[in-house]
Amino acid sequence: MDLLVTTLALSLIIGVRYLLVGVTTHWLLWAGPGRGRQLNHKAPAAKRIRAEIIASLISCPIYALPAALVLEAWKRGGTAIYGDIHAWPLWWLPVSFIVYMLAHDAFYYWVHRGLHHPRVFPWAHAEHHRSRDPSAFASFAFDPAEAVATAWFLPAMALIVPIHWGVALALLTLMTATAVLNHAGREVWPASWLSRAPLSWFITATHHDAHHKRFNGNYGLYFQMWDRWARTQVSTSLPGRRQFDGRL
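What counts as what
- All residue numbers refer to position in the chain's written sequence, counted from 1.
- Local features are withheld for residues below a pLDDT of 70 in this predicted model, meaning they are given only at 70 or higher, and side-chain atom pairs are given and counted only at 80 or more; totals for whole chains, interfaces and linings count all residues.
- Where side-chain values are given, they derive from all heavy atoms of the structure, hydrogens and water being excluded.
- Counting from the N terminus, the helices are the DSSP runs of H or I reaching at least four residues and the strands are the DSSP runs of E reaching at least two.
- Buried, partly exposed and exposed residues are distinguished by accessible area as a fraction of the type maximum, computed with a 1.4 Å probe on protein chains only: under 20%, between the cut-offs, and over 50%, respectively.
- We define a salt bridge as a contact between a side-chain nitrogen of Lys or Arg and a carboxyl oxygen of Asp or Glu at a distance within 4 Å.
- For Phe, Tyr and Trp, where Trp contributes only its six-membered ring, two rings pair if their centres lie within 6.5 Å, and the inter-plane angle classes them as stacked under 30 degrees, edge-to-face over 60, or tilted in between.
- Any helix carries an expected span of 1.5 Å times its number of residues minus one.
- For this analysis, residues touch if any pair of their heavy atoms sits within 4.5 Å.

S.K.: Before we move on, can you summarise the environment of V95 with the specific residues and values?
M.R.: Looking at where V95 falls in the secondary structure, it is placed in helix α3 (residues 92–115). For V95, a relative accessible area of 31% translates into the label partly exposed. Residues V95 and I163, 68 residues apart in the sequence, show an inter-C-alpha distance of 9.7 Å.

Next up, the structure:
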């Protein structure tokens with residue numbers, strides 16, 4: 001019963017947070033003349049936004065369940081999450097943040113690349129790529145299979161890799177912010193900054209928008225290093241589209 005109640009509560013929290021962040025970001029970037037550099041060929045269509053929202057709300061309980069399992073385990077002392085800031089050396093606070101980011105990025109790159117396999121894509125990742133001109137609401141719009149494949153990783157890490165609850169909250173906030181901005185259809189960073197460190201190390205809206213337009217590269221989550229190492233980096237300067245599957 002505790003697990004059920006916690007899952008329902010987290011589903012509501014995740015869903016409300018998604019809607020608030022999505023509405024705010026979309027309004028800020030697209031209202032009136034808009035802000036930032038437009039990446040989409042056209043403004044996100046209302047019909048597509050509705051589909052993104054529906055898919056995202058379906059994903060909410062899928063992501064909530066592993067988080068609820070960890071939360072209930074934490075209440076019983078069964079995780080590596082800690083609240084006493086002195087339980088581990090203070091230097092571990094920023095280091096743990098980086099460790100989680102690097103691990104999550106590596107996991108996501110290879111899972112994401114696998115989701116693009118022709119036998120997997122139609123039933124596990126096609127919904128997300130129906131947004132060729134994505135909006136901020138596309139940040140969470142996954143097929144259930146994709147949500148199941150990706151929802152467990154960070155909760156599983158929290159069982160074995162020590163992390164302060166404040167650092168975990170900061171990581172989740174960063175994950176939400178980057179996902180929303182990278183799908184918003186507009187680049188908030190000046191173009192001249194994108195080719196220079198540190199922004200040239202990270203995934204930005206420009207980098208990820210090329211993934212939505214071409215489908216055949218730029219699979220990273222936070223960093224560009226895996227795409228560079230595995231030679232899946234695709235140009236962000238060409239405007240063409242690439243159909244992956246005729247059923248999309």
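S.K.: Outline unusual backbone geometry, supporting the account with residue identities and numerical values.
M.R.: Cis peptide bonds are those with omega within 30 degrees of zero, and the linkage from A197 to P198 qualifies with 5 degrees. Its identity as a non-glycine residue notwithstanding, F215 has a phi of 75 degrees, on the positive side. Position of F215 relative to the elements: it lies in the loop between α10 (205–214) and α11 (225–229). We classify F215 as buried; its relative accessible area is 1%. A positive phi is found at N218, a non-glycine position, where the angle reads about 55 degrees. Note on placement: N218 falls in the loop between α10 and α11.

S.K.: Describe the pattern of salt bridges, naming the residues involved and giving the relevant values.
M.R.: Taken as a whole and judged by the stated rule, the model has seven salt bridges. The partner of R76 in a salt bridge is D2, with the nearest N and O atoms 3.2 Å apart. Residue R76 is located in the loop between α2 (46–75) and β2 (81–82), and its partner D2 is located in helix α1 (residues 2–30); the two are separated by 74 residues in the primary sequence. Note that E127 and R48 form a salt bridge whose closest N and O atoms lie 2.6 Å from each other. With E127 in helix α5 (residues 126–129) and R48 in helix α2, this pair connects stretches of sequence that are 79 residues apart. Judged by relative accessible area, which is 14%, E127 ranks as buried. Overlapping salt bridges, with partners in common, bring together D2, E72, K75 and R76 in one network.

S.K.: Describe the packing of aromatic side chains, with residues and values.
M.R.: Under the defined criterion, the tally for this structure stands at 19 aromatic pairs. Here the aromatic rings of Y63 and F142 are separated by 6.3 Å at their centres, their planes lie at 40 degrees, and the arrangement is tilted. Of this pair, Y63 sits in helix α2 while F142 sits in the loop between α5 and α6 (144–151); the two residues are 79 residues apart in sequence, bridging distant segments of the chain. Take Y63: its relative accessible area is 17%, and that puts it in the buried class. Put simply, the rings of Y18, Y63, F137, F140 and F142 pair up and form one aromatic cluster.

S.K.: Give me α1: which residues, what numbers.
M.R.: Here α1 is 29 residues long and its end C-alpha atoms lie 41 Å apart, about the 42 Å a rise of 1.5 Å per residue gives. Of the surrounding elements, those touching the buried residues of α1 are β1 (37–38), α2, α8 (165–183) and β4 (186–187). One or two steps after α1, the chain reaches G32, where phi turns positive at roughly 60 degrees.

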